[in-house]
Amino acid sequence: MLYLWCCLKINGINKNDYLNKNKQISGKRIGIIAYTNSNNIGNQLLKYAMDLLLKSFGFQPTLISIKVKWKKKKKNVNANFLKKYLNMKEIRNYSTDLNESEFDILVVNSDQVWAYNFKYILDVGFLSFAKNWNIRKFVYAASLGYEHWTNSTDVINSAKILINQFSGVSVREENSIEIINQYLGLRPLLVLDPTLLIDKDFYLEIIKNFKMNMDINKNYLCSYILDKSELKTNYIKKVSNRLKLHIINIKVGVKDFIEKFLFSINRCKSVITDSFHGTVFAIIFKKPFITFININSYFKYQSIPSFKCKASLIHNIKYRHYKKYNHTAHIYAEGISKKHLHNRIR
């Protein structure tokens, strides 16, 4: 259905008309298997988007969340965000706490579920716990997170077998196609991140009653930086001075940081970020943006300049290369045709 939704949007087909002709899909129980990090904005919002999308097709989705024991106790100030909006089932073990009779379909959700250093790559990324289940399985918009995939021979051999049990496999970064084909002998489809598949109004719904201490008489530059450096800080200050904008910094790990993230991007005039989803939401909210391309995570940004999809759903995002930034990172900047973008993804 997620692949179908991409096609429906691309070809301008009304979803309700399609569903009226295909009522047999309604009511199917879907288990969403995903890497869950409640202190990660993009990780949370893509699950929110996936849940809304599946419900709009008449499915009954349940997010499966595994309880992870951290070596050092981490304060989780945003643990209830998904519980507020989604039907969730918390488990401690995939093999013992889930049963085939609970679901009609399993979907591996997006984000770095195929990262080579992810502890649960076989269970979450390739559904090894359900290898004997006789139900349909899909992978939607998986990310490798890096430009190399240095898994052990045992993991690769297991993944080769498991990936052939899926009815559909897709990735969100173009370079992942060749890497997965090289190691697993299968060419996945290239699709959009789930956050781009629902309308902006669904994100505005989250913040409709939310308030922040922002002066309505001031114009703001939203800064969302994950890998902080003095170089980036100084650059952001220069941009804010040149554009005469007040800087608002989005901090992860504070109370209501997802709401603050959405509110700030919606309220600001421009965005500067080094985050994949920071860039995504600048596009969703039609804000001019600058994205720092971090050298240690350059791979997952390969798709940002064009967000290429098989049918070129989103394009015409112009960019330029700032040679004076430094020798190891690049900046792709603004130039979004707002009217064109709105017409293509609304």
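Residues numbered from 1 in each chain as written. Predicted model: local features only at pLDDT ≥ 70, side-chain atom pairs only at ≥ 80, totals over all residues. Heavy atoms only, no water.

**Description of the overall build of the protein chain**
No. 1: When you go through the protein chain residue by residue, the secondary structure sums to 13 helices and 12 strands.
No. 2: Of the roughly 17300 Å² that the protein chain leaves accessible, carbon and sulfur atoms contribute 46%. (Helix = DSSP H or I, 4+ residues; strand = E, 2+ residues; numbered from the N terminus. Areas by Shrake-Rupley, 256 points an atom, 1.4 Å probe, with all protein chains shown as cover.)

**Here we look at a positive patch on the surface**
No. 1: On the surface, a cluster of positive charge is contributed by Lys228, Lys251, Lys255 and Lys260.
No. 2: Relative to the helices and strands, Lys228 resides in the loop between strand S8 (220–224) and helix H10 (230–243).
No. 3: Classification of Lys228 as exposed rests on a relative accessible area of 66%. (Patch = residues over 30% accessible without salt bridge, like charges linked within 9 Å, V, L, I, M, F, W, Y side chains within 5 Å. Salt bridge = Lys/Arg side-chain N within 4 Å of Asp/Glu carboxyl O. Lys, Arg positive; Asp, Glu negative; His and termini not counted. Charge placed at Lys NZ, Arg CZ, Asp CG, Glu CD. Buried < 20%, exposed > 50% of the residue type's maximum accessible area, 1.4 Å probe, protein only.)

**Structural notes on the pattern of salt bridges**
No. 1: In total, this model carries 10 salt bridges according to the counting rule given.
No. 2: With its nearest N and O atoms 2.7 Å apart, the salt bridge here joins Arg187 to Glu178.
No. 3: Among the charged side chains, a network of salt bridges with common partners joins Asp111, Arg172, Glu173 and Asp193.

**Some details on helix H3 (residues 41–56)**
No. 1: The terminal C-alpha atoms of H3, which comprises 16 residues, lie 23 Å apart, in line with the 22 Å expected from a rise of 1.5 Å per residue.
No. 2: Of all 16 residues in H3, 13 are buried; the element is thus mostly enclosed.
No. 3: At the N-terminal end of H3, a side-chain oxygen is found 3.1 Å from the backbone nitrogen of Gly42, two or three residues along, and the residue is Asn40.
No. 4: Once H3 ends, the next one or two residues include Gly58, with phi positive near 95 degrees. (Expected span 1.5 Å × (residues − 1). Polar contact = N/O pair within 3.5 Å; in protein donor to acceptor, adjacent residues only side chain to side chain.)

**Observations concerning helix H7 (residues 153–163)**
No. 1: All of the buried residues in H7 are Val155, Ile156, Ala159, Leu162 and Ile163. The buried residues of H7 occupy an angular sector of 130 degrees when the element is viewed end-on, so they sit on one face. Across H7 from its buried face, at more than 90 degrees, point the exposed residues Thr153, Asp154 and Ile161.
No. 2: Turning to H7, the residues buried within the fold contact helix H6 (121–126), strand S6 (168–171) and helix H8 (174–184). (Arc of directions from axis to C-beta. Contact = heavy atoms within 4.5 Å.)

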